[in-house]
Amino acid sequence: MGIKDLLFGKNVEISDPKLGLLKTKVKNTNPSIGYVWTGETQLAGQTQETVIIMEGNAEGPFKEQLEAIHMIVDSIGEIVKQVVSEALKESKYKATDFYLSAIMPVEIANNSFEVNFEPINDNNNSFISFVWQNHKISEFEMELK
């Protein structure tokens, strides 16, 4: 390991069948040291890439977080149909105007994630956001401009 790796960490990548390539920088392989794993993937039915962020250790993302994100990815069609479409019902927008932009951990202890949808149009600052925990949606927030 060179001096650069000692100071900044060594690039580590793993491949997940549903999320693609996940990356982190590891300074120490001690499993008790936490690392943030990131990835970008084009999910089925989405027009743009989704940023995925998870907590884990040098070996990979925590199993519980990976399973929760897999559940979100597996349910994306239903989430869009039920949540996004319903939220946009009274607006000028359609669900197809938005894409799943990011999935990020909120609290590791309760395995909750913030799920964000943004407009495909980069000039639009609207958003739809909610917390996903135990296969349920809470803390729903949206701003349509």
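A brief structural summary. The shown structure was predicted, so the numbers you read here are calculated from the model rather than taken from an experiment. (Residues numbered from 1 in each chain as written. Predicted model: local features only at pLDDT ≥ 70, side-chain atom pairs only at ≥ 80, totals over all residues. Heavy atoms only, no water.)

1. Let's talk about the overall build of the chain
Of the regular secondary structure elements, the chain holds 3 helices and 9 strands. Each helix and strand of the chain, placed in order from N terminus to C terminus, yields the pattern α-β-β-β-β-β-α-α-β-β-β-β. Along the longest, intermediate and shortest principal axes, the C-alpha atoms of the chain span 55 × 30 × 25 Å. Here the chain holds 145 residues, and 39% of them are scored as buried. Long-range contacts, defined as pairs at least 24 residues apart, comprise 38% of the intrachain contacts of the chain with a sequence gap of at least 6. If you average the places of the 13 positive and of the 21 negative side-chain charges in the chain, the two averages end up 3 Å apart. (Helix = DSSP H or I, 4+ residues; strand = E, 2+ residues; numbered from the N terminus. Buried < 20%, exposed > 50% of the residue type's maximum accessible area, 1.4 Å probe, protein only. Contact = heavy atoms within 4.5 Å. Lys, Arg positive; Asp, Glu negative; His and termini not counted. Charge placed at Lys NZ, Arg CZ, Asp CG, Glu CD.)

2. Notes on the pattern of salt bridges
As enumerated under the stated definition, the model contains 5 salt bridges in all. Two residues, Lys 145 and Glu 143, come together in a salt bridge whose shortest N-O distance is 3.1 Å. (Salt bridge = Lys/Arg side-chain N within 4 Å of Asp/Glu carboxyl O.)

3. Looking at the nonpolar core
Judged by nonpolar contacts, the single largest core of 31 residues is most densely connected at Leu 19, Ile 69 and Phe 117. Elements with a minimum of two residues in this core: strand 2 (20-26), strand 3 (35-41), strand 4 (50-57), helix 2 (63-74), helix 3 (76-87), strand 6 (98-107), strand 7 (112-119) and strand 8 (127-133). (Core = buried A, V, L, I, M, F, W, Y, C linked by side-chain atoms within 4.5 Å.)

4. Observations regarding the pairing of strand 9 (residues 136-143)
As defined by bridge partners, strand 8 adjoins strand 9 across 6 bridges and the pair is classed as antiparallel. The residue of strand 9 that forms the bridge with Trp 132 is Ile 137. Between strand 8 and strand 9, which follow one another and run antiparallel, lie 2 residues, and Asn 134 among them has a positive phi close to 55°. (Pairing = 2+ DSSP bridges.)

5. Structural notes on helix 3
By the burial criterion, the buried members of helix 3 are Ile 76, Ile 79, Val 80, Val 83, Val 84 and Ala 87. Taken down its axis, helix 3 places every buried residue within 115° of arc, on the same side. Opposite the buried face of helix 3, at more than 90 degrees from it, the exposed residues are Lys 81 and Gln 82. Each element contacted by the buried residues of helix 3 is listed here: helix 2, strand 6, strand 7, strand 8 and strand 9. (Arc of directions from axis to C-beta.)

6. What about helix 2?
Under the 1.5 Å per step criterion, the end-to-end length of helix 2 is 16 Å for 12 residues, consistent within 8% with the ideal 16 Å. Taken together, the buried positions of helix 2 are occupied by Gln 65, Leu 66, Ala 68, Ile 69, His 70, Ile 72 and Val 73. (Expected span 1.5 Å × (residues − 1).)

7. Describing the environment of Ile 53
For Ile 53, the position within the fold is in strand 4. Between the C-alpha atom of Ile 53 and that of Glu 40, which follows or precedes it by 13 residues, the distance is 8.9 Å. Setting aside anything within four residues of it in sequence, one finds Ile 53 in contact with Val 36, Trp 37, Thr 38, Ile 69, Ile 103, Met 104, Pro 105 and Phe 113.

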